[in-house]
Structures are given as structure tokens and as C-alpha cells.
Amino acid sequence: MPLTERHVAPSILSADFADLSAKVREVMDAGARVIHCDVMDGHFVPPITFGPMVVSALRDSLPDEAYLDVHLMIESPEKHVAEFAKAGADGITIHVESTPHIDYTLSAIREGGAKAGLVVCPGTPPDHFAEVDLDLALIMTVNPGWGGQAFLRNQLDKVRRARALLGEGVAIEVDGGVNPETAAECAEAGATWFVAGSAIFKSDDPAARFREIASAAGC
Ligand code: DX5
Ligand code: ZN
């Protein structure tokens, strides 16, 4: 799948964990192709979510066209990326703030056969994006760790600066507080991938909500 296509990526963090596969299929039936998986270790961020076993189970239960976009909020990601790639992640994104070994870890992701992404927290400048080879740059539009937080509008300028830094060949993803209104603002600033968790899975009609965000984002 070319990463330069625009996508809304439903985040399973806000979905029913006892029924993940069915919840993901519902949004895939509405047109979703990128499924965002938030891995948290209780150290880099306080919550603990899931690891490679759940990624592998999702991979096995979903159609091949599902692109598993694995966002690692864990310390020392270099120790774990090979395992996530083996579990079936199509793309793995690591935090600038989580390791001094950014280039090494991105290379290890590619060696595992996955696309390599780099993410910055709200307080981190986008400059690192220009120092390494990337398939995707992720800009957090909330502080990482929890779904349902308010969109940080002061990150929009970072999206603009990242687009200027990277040109058109790299996907720019935004994550946190994305709804139809903020998706449109992010698209205008240069984002092309839009993660949405609570806006989709906490709504009464996730499929309709997915389509609404996709339309607002120009997908
Ligand atoms: C937060 C996660 C997000 C989260 C977004 O740390 O990285 O992917 O699911 O949730 P919403 O869309 O509810 O802000
Ligand atoms: Zn995320």
C-alpha cells in the first residue's frame, strides 16, 4: 500500500477489547484500511495496553488489506521492534523521546519488513524528522497515553513545519483529538494520515463517524 495515500486510521485503543476483531471489521467495511494499534508499557507512558501477541492475533483475524499501524509508546523500542514486525505489523512508529538509537531502530524496523515511522510528543520539535530516512512522520496532537483528550491546536504549526521539512513523499500522521473539525484543520496544514480513536469507537455509529472524518480530511 503506498503510504502517500490519505487515510483515516481508527485507533483500537477506544474499541471494545473483548470484541476487537469485529469492531475493526465494522470500520473496514466502511472503508478503513489503516488500523492504528497503541502499544503502551507502563513506563514511557503510565498505562499498559498490549504487546505483539495481540498484534499477531489481529493480523490473523483480519483481511490482508488491513494495514496494521503500530504506535510504540515504550522504552527501549530497539529491543522489541523485530518482534512486532514478526507479529505482522505493516508499519512501526517509535518515539524520538524513547531512545537515543533512533536511526538504528528505524533500520531494524525495515530489516523486519515493516515501514518505519518516527513520532514526536507535543513538546518535541520536528527537526529529528530531517535527520533519518523515514516512511512516516507522526505528530502527537495530544500528550501520549490516553484516548479522549482535547486536540492541541498549537501543534498545527508543527504539522506545517514538518511538511516543509519533508516535502510530499512522506506520510504525515496526526494522533489525538481528531474529529471531523480538527481533521480538516490538520489536512489543511499538510497531514495525510488521521488517527481517530474515541471519535469513532465511542460513537453510536462508528462506520458513519469514520466516513464523516474521512470526508472532512479529504480522503
Ligand atoms: C494516545 C494514542 C492515540 C489515541 C487517540 O496516546 O496514541 O492513538 O487512541 O485517541 P483519541 O482519538 O480519542 O484522541
Ligand atoms: Zn497512537
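Residues numbered from 1 in each chain as written. Chains lettered and ligands numbered in written order. Predicted model: local features only at pLDDT ≥ 70, side-chain atom pairs only at ≥ 80, totals over all residues. Heavy atoms only, no water.

## Topic: the site of ligand 1
Residues in close proximity to ligand 1 total 20 residues, the closest being Ser11, Asp38, Gly145, Asp175 and Ser198. Separating an oxygen atom of ligand 1 from a side-chain N or O atom of Asp175 is a distance of 2.7 Å. Within the contact set of ligand 1, an oxygen atom lies 2.5 Å away from a side-chain nitrogen or oxygen of Ser198. The fraction of the free accessible surface of ligand 1 (380 Å²) that becomes covered by protein chains is 99%. Of all the secondary structure elements, the ones that give two or more residues to the shell around ligand 1 are strand E2 (34-40), strand E3 (67-73) and strand E8 (193-196). With three residues, the single largest contributor to the shell around ligand 1 is E2. Considering only residue class, the shell around ligand 1 consists of eight nonpolar, 10 polar and two charged. (Near = heavy atom within 4 Å. Polar contact = N/O pair within 3.5 Å; in protein donor to acceptor, adjacent residues only side chain to side chain. Areas by Shrake-Rupley, 256 points an atom, 1.4 Å probe, with all protein chains shown as cover. Helix = DSSP H or I, 4+ residues; strand = E, 2+ residues; numbered from the N terminus. Nonpolar A, V, L, I, M, F, W, Y, C, P; charged D, E, K, R; others polar.)

## Comments concerning the packing of aromatic side chains
Taken as a whole and judged by the stated rule, the model has two aromatic pairs. Centre to centre, the rings of Tyr67 and Trp193 are 5.5 Å apart; their planes meet at 85°, and the pair counts as edge-to-face. Remark: Trp193 occurs in strand E8 and Tyr67 occurs in strand E3; sequence separation between them is 126 residues. Given the relative accessible area of 8%, Tyr67 is considered buried. (Phe/Tyr/Trp six-rings, centres within 6.5 Å; stacked < 30°, edge-to-face > 60°. Buried < 20%, exposed > 50% of the residue type's maximum accessible area, 1.4 Å probe, protein only.)

## A word on the coordination of the zinc ion (ligand 2)
Of the protein atoms, only His36 (NE2), Asp38 (OD), His71 (ND1) and Asp175 (OD) coordinate the zinc ion (ligand 2), at distances of 2.0 to 2.3 Å. In primary-sequence terms, the residues that donate to the zinc ion (ligand 2) follow H-x1-D-x32-H-x103-D. On the criterion of sequence distance, the pair formed by Asp38 in strand E2 and Asp175 in strand E7 (residues 171-175) is long-range, its members being 137 residues apart. Its relative accessible area of 3% is what places Asp38 among the buried residues. (Donors = N, O, S within 2.8 Å, 3.2 Å for Na, K, Ca; no water.)

## Details of the UniProt feature "active site" (unreviewed entry) in the chain
Here, UniProt's "active site" (unreviewed entry) annotation points to Asp38 and Asp175. These residues run over 138 residues, yet every pair of their C-alpha atoms falls within 10.5 Å of each other. Setting aside chain neighbours within four positions, we find Asp38 in contact with Ser11, Leu13, Thr49, Phe50, His71, Met73 and Asp175. Engagement of the side chain of Asp38 in a polar contact is seen with the side chain of Ser11, the distance being 2.8 Å. You can call Asp175 buried: its relative accessible area is 8%. Apart from the residues lying within four places of it in its own chain, the contact partners of Asp175 are His36, Asp38, His71, Leu138, Ile139, Met140, Thr141, Val142 and Val195. (UniProt positions renumbered as here; feature names shortened; annotations may be inferred. Contact = heavy atoms within 4.5 Å.)

## A word on the UniProt feature "binding site: substrate" (unreviewed entry) in the chain
Mapped onto this structure's residue numbering, the UniProt feature "binding site: substrate" (unreviewed entry) falls at Ser11, His71, Gly145, Trp146, Gly147, Gly148, Asp175, Gly176, Gly177, Gly197 and Ser198. One can find Gly147 in the loop between strand E6 (136-140) and helix H5 (156-166). As for its placement among the helices and strands, Ser198 is situated in helix H7 (residues 198-201). Beyond its immediate chain neighbours, meaning those up to four positions away, Ser198 contacts Ser14, Gly148 and Ser203.

## Points about the nonpolar core
In this structure, Leu72, Ile92, Phe129 and Phe194 are the most contacted members of the largest nonpolar core, which totals 65 residues. Among all residues touching Phe194, those that are not within four sequence positions of it are Arg6, His7, Val8, Ala9, Val174, Val178, Ala183, Cys186, Ala187 and Ala217. In terms of nonpolar packing, the next biggest core, distinct from the first, is built from 12 residues, Ala9, Tyr67, Leu138 and Trp193 among them. (Core = buried A, V, L, I, M, F, W, Y, C linked by side-chain atoms within 4.5 Å.)

## Some remarks on the pattern of salt bridges
The final tally for this structure, using the stated rule, is eight salt bridges. Put simply, Glu185 and Arg153 hold a salt bridge, and the shortest N to O gap is 2.6 Å. Within this pair, whereas Glu185 is found in helix H6 (residues 180-189), its partner Arg153 is found in the loop between E6 and H5, the two being separated by 32 residues in sequence. Relative accessible area serves as the criterion here: at 21%, Glu185 is assigned to the partly exposed category. Between Glu188 and Arg160 there is a salt bridge, with its nearest N and O atoms 3.8 Å apart. Taken as a pair, Glu188 in helix H6 and Arg160 in helix H5 lie far apart in primary sequence, 28 residues in all. (Salt bridge = Lys/Arg side-chain N within 4 Å of Asp/Glu carboxyl O.)

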